[in-house]
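One-letter residues, chain by chain:
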Amino acid sequence: MTDQILSFDEFDDLHAPERQQESEFQAIVSRRSFLKGTSALGLTAFVAAAGLPSKKAMAKTVSGLSFQPVAANSTDDITVPPGFTSQVVVRWGDPLVSGIAEFDHATRGSAATQLLSWGDNNDGMDMFVVDDGRTVLVCNHEYTNIGVTFGNNPEGKPVSDDDVNKGKAAHGLAVVELIERNGQWETVKDSPYNRRITPDSEFDVVGPARGSDLIKTAADPEGVKILGTFNNCGNGSTPWGTYLACEENFNSYFRSSEGEAFQQTAELKRYGVAPKGKERGYNWAQTDERFDVSKHPNEPNRHGWVVEVDPTGRRMPKKLTALGRFKHENAEVTIAKDGRAVVYSGDDERGEFLYKFVSVNRYVPGGDNWNLLDEGELFVAKFDETGRGEWVSLNGAGMSADETMVFARIAASKVGATSMDRPEWVAAHPKKAEAYVALTNNSRRGTEGQAVNAANPREKNVYGHILRWIPEGGDHAATTFKWDFYVMAGNPTIHSDVYAGSSNITPDNMFNSPDGIKFDSEGNLWIQTDGNYSNAKDFVGMGNNQMLLGDTETGEIHRFMVGPNECEITGLTWSPDKRTMFVGIQHPGEKKNSHWPDGGNLTPRSAVVAVRRTDGGLIG
Ligand code: FEO
Ligand code: CA
Ligand code: CA
């Protein structure tokens, strides 16, 4: 049964949300112009292993963090370099409060236990110091793996109402206080900060869609309060100490009671909601009628936003509708020269776009900035073939302000945005005006109206790439920029053409599908992968998903960590003293070939691990 359950990506690929048309300007770029374009950008070698020498020795990075790169492997464990340790801090189903049973491998918990325990599939996260110095981790729980979460059921999927509600409660966010004792990190059970934010929690609505007819429902006739956040993928955090969680694949949770007869509107089609009346398999509509689009047609419009959360829990979280509605990967916040807040966010779907929000008001250090992201202008990126680009305002789409935000994808198409290879995380350099986006892969590039373009130059881009831009005048609020590629992933052991990757890819550091990217405080770029871990064919020699460290000055990339079987590495943050790095291990054993971290024959569980140097030194 479980084999029939599609991944989010497969679900969307099968049902193909209506693909936007590209502008004539971007379409039909030949491979010749791709090569011309890349050499103009300084990426001279798309040839096998022609770049950096093999790095077997200690690698140095810009911060002085030295480590011996680890080899690719397919071991059901975490691998870190000699001189580093990793420790599991918190796992799916670990109770956040007393009185809740420990995770039961036989039942895999119930709706009641899950509601007060660490959620499933931890993703983006950040650590905050609050009040009198407590360290609080806020973390996204993106989704659940049906075959794992419900692997105890003979049907291998949610059947009873409790199953459905357990799966739902495994989504959302968790907030937990952590403490370091004797060199180990542990959760503080019953801390007043510990809580879950779930698909049923209440959110305020701010921005242009507040009060819009497009988000009004029977339960919320004013369009001002929304229940729930779910499929929270990447994240962001603000200089004013709040957490941003991004709602990504919200579409495939909705179905129609009309079944196959259901007719999608053009907007539902563009967002991939309820194709042929179908959802992916969580059955939330079984216990919550909101997820039946025939009964509540505006409910999907209430999801697909960035939400802002006060880590202390003192303020009601809110949906930031000024940042637009799409499949937000993460939300990278930086401050423009004049103090306005800038938030970059990618829309992770084949051929979708890269966005930037610029606030109207200015960040006031030490002041109350809680309303700063309520009001601003949303732009979308357009990349040209000469290595330049511009941010085009969605205000030019000719739609009303609320429509523009609710249907941001449609507005962005109207203003001529560049179709991208699945924009995942954006990372802004902490020491200079420069930003990076991971374009994870796009097997459809070169087909179905997704012609190659200068910024997405490879047909059938199975390996992905990372693109970077420098805003004009060193100001993130500028509307023009220069861009180039930081890396084209590839496999130089089996290819000698563009699929070998850029010159900074070697047999020793190759990987596929960059997804999470984040800078540490020293300006090192950490790269996490969510790719094909078959270790075969195009991906031979790459092993399990991994985390690498990139030097953005020299282009060097070294593998720092390899995850257990069938996991993805996603989510990264640091302790306040920068001596611990917290790394997320998501969906180990998604195809049932892992028992990490508990071993034996036990159920695999997503978890956060603490990585440290054995000499206690800085790690970012
Ligand atoms: Fe949830 Fe695009 O990764
Ligand atoms: Ca991701
Ligand atoms: Ca991904």
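Residues numbered from 1 in each chain as written. Chains lettered and ligands numbered in written order. Predicted model: local features only at pLDDT ≥ 70, side-chain atom pairs only at ≥ 80, totals over all residues. Heavy atoms only, no water.

J.: Is there a simple way to explain the overall build of the protein chain in this structure?
T.: Of the regular secondary structure elements, the protein chain holds eight helices and 30 strands. Considering only C-alpha atoms, the protein chain reaches an extent of 60 × 60 × 55 Å along its principal axes. Out of the 620 residues in the protein chain, the part that is buried amounts to 62%. In the protein chain, of all internal contacts separated by at least 6 residues, the share reaching a separation of at least 24 is 65%. Total accessible area on the protein chain is roughly 21,300 Å²; 49% of this is exposed by carbon and sulfur atoms. Each charge class in the protein chain can be summarised by its mean position, and for the 63 positive and 85 negative side chains these summaries are 2 Å apart. (Helix = DSSP H or I, 4+ residues; strand = E, 2+ residues; numbered from the N terminus. Buried < 20%, exposed > 50% of the residue type's maximum accessible area, 1.4 Å probe, protein only. Contact = heavy atoms within 4.5 Å. Areas by Shrake-Rupley, 256 points an atom, 1.4 Å probe, with all protein chains shown as cover. Lys, Arg positive; Asp, Glu negative; His and termini not counted. Charge placed at Lys NZ, Arg CZ, Asp CG, Glu CD.)

J.: Is there a simple way to explain the coordination of the calcium ion (ligand 3) in this structure?
T.: As a benchmark, a tetrahedral metal site with four donors has ideal angles of 109.5 degrees, while an octahedral site with six donors has ideal angles of 90 or 180 degrees. Surrounding the calcium ion (ligand 3) are the protein donor atoms Glu 424 (OE), Asp 515 (OD) and Asp 530 (OD), at 2.3 to 2.5 Å. Binding-site remark: the calcium ion (ligand 3) is held by donors from one chain whose sequence spacing is E-x90-D-x14-D. In this structure, the calcium ion (ligand 3) lies 3.9 Å away from the calcium ion (ligand 2), the two metals sharing Glu 424 as a donor. Highlighted residues: Glu 424 in strand S20 (residues 423–428) and Asp 515 in strand S24 (residues 514–519), separated in sequence by 91 residues. Neither Glu 424 nor Asp 515 differs from the other in exposure class; each is buried. (Donors = N, O, S within 2.8 Å, 3.2 Å for Na, K, Ca; no water.)

J.: Is there a simple way to think about the coordination of the calcium ion (ligand 2) in this case?
T.: The protein atoms donating to the calcium ion (ligand 2) are Glu 329 (OE), Glu 424 (OE), Asp 515 (OD) and Asp 515 (OD), with metal-donor distances spanning 2.3 to 3.1 Å. Mapped onto the sequence, the donors of the calcium ion (ligand 2) take the spacing E-x94-E-x90-D. Look at Glu 329 and you get buried, because its relative accessible area is 0%. On the accessibility criterion, Asp 515 (2% relative accessible area) is buried.

J.: Would you take a moment to explain the sheet that holds S24 for this structure?
T.: The strands that make up a sheet are held in pairs by hydrogen bonds between backbone atoms, and each pair lies either parallel or antiparallel. Overall, antiparallel pairing links the four strands, which are arranged S24-S25-S26-S27 in an open sheet. The open sheet has two edge strands with one neighbour each: S24 and strand S27 (557–562). Neighbour to neighbour, the strand axes of the sheet diverge by 25 degrees on average, direction disregarded. Relative to strand S25 (residues 525–529), S24 runs antiparallel, the two sharing four bridges. Counted as the bridge partner of Phe 519 is Leu 525 from S25. (Pairing = 2+ DSSP bridges. Axes fitted to C-alpha atoms, helices over the stretch in contact; angles between N-to-C directions.)

J.: Got a minute to help me understand unusual backbone geometry in this structure?
T.: With an omega dihedral of 5 degrees, the bond running from Trp 596 to Pro 597 counts as a cis peptide bond. Relative to the helices and strands, Pro 597 is located in the loop between strand S29 (580–586) and strand S30 (607–613). Positive phi is not limited to glycine here, since Asn 231 has a value of about 55 degrees. Take Asn 231: it is sitting in the loop between strand S10 (225–227) and strand S11 (232–237). The class for Asn 231 is buried, based on a relative accessible area of 0%.

J.: I would appreciate a short explanation of the packing of aromatic side chains in the present structure.
T.: Any two aromatic rings considered together are summarised by their centre-to-centre distance and by the angle between their planes. With the rule as written, the count across this model stands at 34 aromatic pairs. Relative to Phe 291, the ring of Phe 230 has its centre 5.6 Å away and its plane inclined at 65 degrees; by these criteria the two rings are edge-to-face. Highlighted residues: Phe 230 in the loop between S10 and S11 and Phe 291 in the loop between helix H6 (266–271) and strand S13 (306–309), separated in sequence by 61 residues. Comparing Phe 230 with Phe 291, the two get one shared label, buried. Taken together, a centroid distance of 5.2 Å and an interplanar angle of 35 degrees make the contact between Tyr 253 and Tyr 282 tilted. Taken together, the residues span a long stretch of sequence, with Tyr 253 in the loop between strand S12 (243–247) and H6 and Tyr 282 in the loop between H6 and S13 at a distance of 29 residues. Joined through ring pairs, the aromatic side chains of Phe 8, Tyr 143, Phe 230, Tyr 253, Phe 254, Tyr 282, Trp 284 and Phe 291 make up one cluster. Taking the ring centre of Trp 370 as reference, the NZ or CZ of Lys 318 above it sits at 4.3 Å. Over the ring of Phe 203 we find Lys 319; its NZ or CZ atom is 5.5 Å from the centre of that ring. (Phe/Tyr/Trp six-rings, centres within 6.5 Å; stacked < 30°, edge-to-face > 60°. Lys NZ or Arg CZ within 6 Å of the ring centre and 35° of its normal.)

J.: Even after reading the chapter, I still don't get the sheet that holds strand S23 (residues 480–488), so can you show me in this structure?
T.: With antiparallel pairing, the nine strands of this open sheet are ordered in space as S15-S16-S17-S18-S19-S23-S22-S21-S20. In the strand order of this sheet, the two ends are held by strand S15 (332–335) and S20, each with one partner. In this sheet, neighbouring strand axes are inclined to one another by 30 degrees on average, regardless of whether the strands run parallel or antiparallel. With five bridges joining them, strand S18 (residues 376–383) and strand S19 (residues 388–393) adopt antiparallel strand pairing. Following the sheet pairing, Val 380 is matched in S19 by Val 392.

J.: Can you walk me through the environment of Arg 605 in this structure?
T.: Turning to its location among the elements, Arg 605 is positioned in the loop between S29 and S30. For the pair Arg 605 and Leu 320, spaced 285 residues apart in sequence, the C-alpha to C-alpha distance is 31 Å. Sequence-distant contacts of Arg 605, that is, excluding residues within four places in its chain, are made with Arg 91, Trp 92, Gly 93, Asp 94, Phe 103, His 105, Pro 588, Trp 596, Pro 597 and Asp 598. A distance of 3.0 Å separates a polar atom in the side chain of Arg 605 from a polar atom in the side chain of Asp 94. At 2.8 Å, the side chain of Arg 605 forms a polar contact with the side chain of Asp 598. (Polar contact = N/O pair within 3.5 Å; in protein donor to acceptor, adjacent residues only side chain to side chain.)

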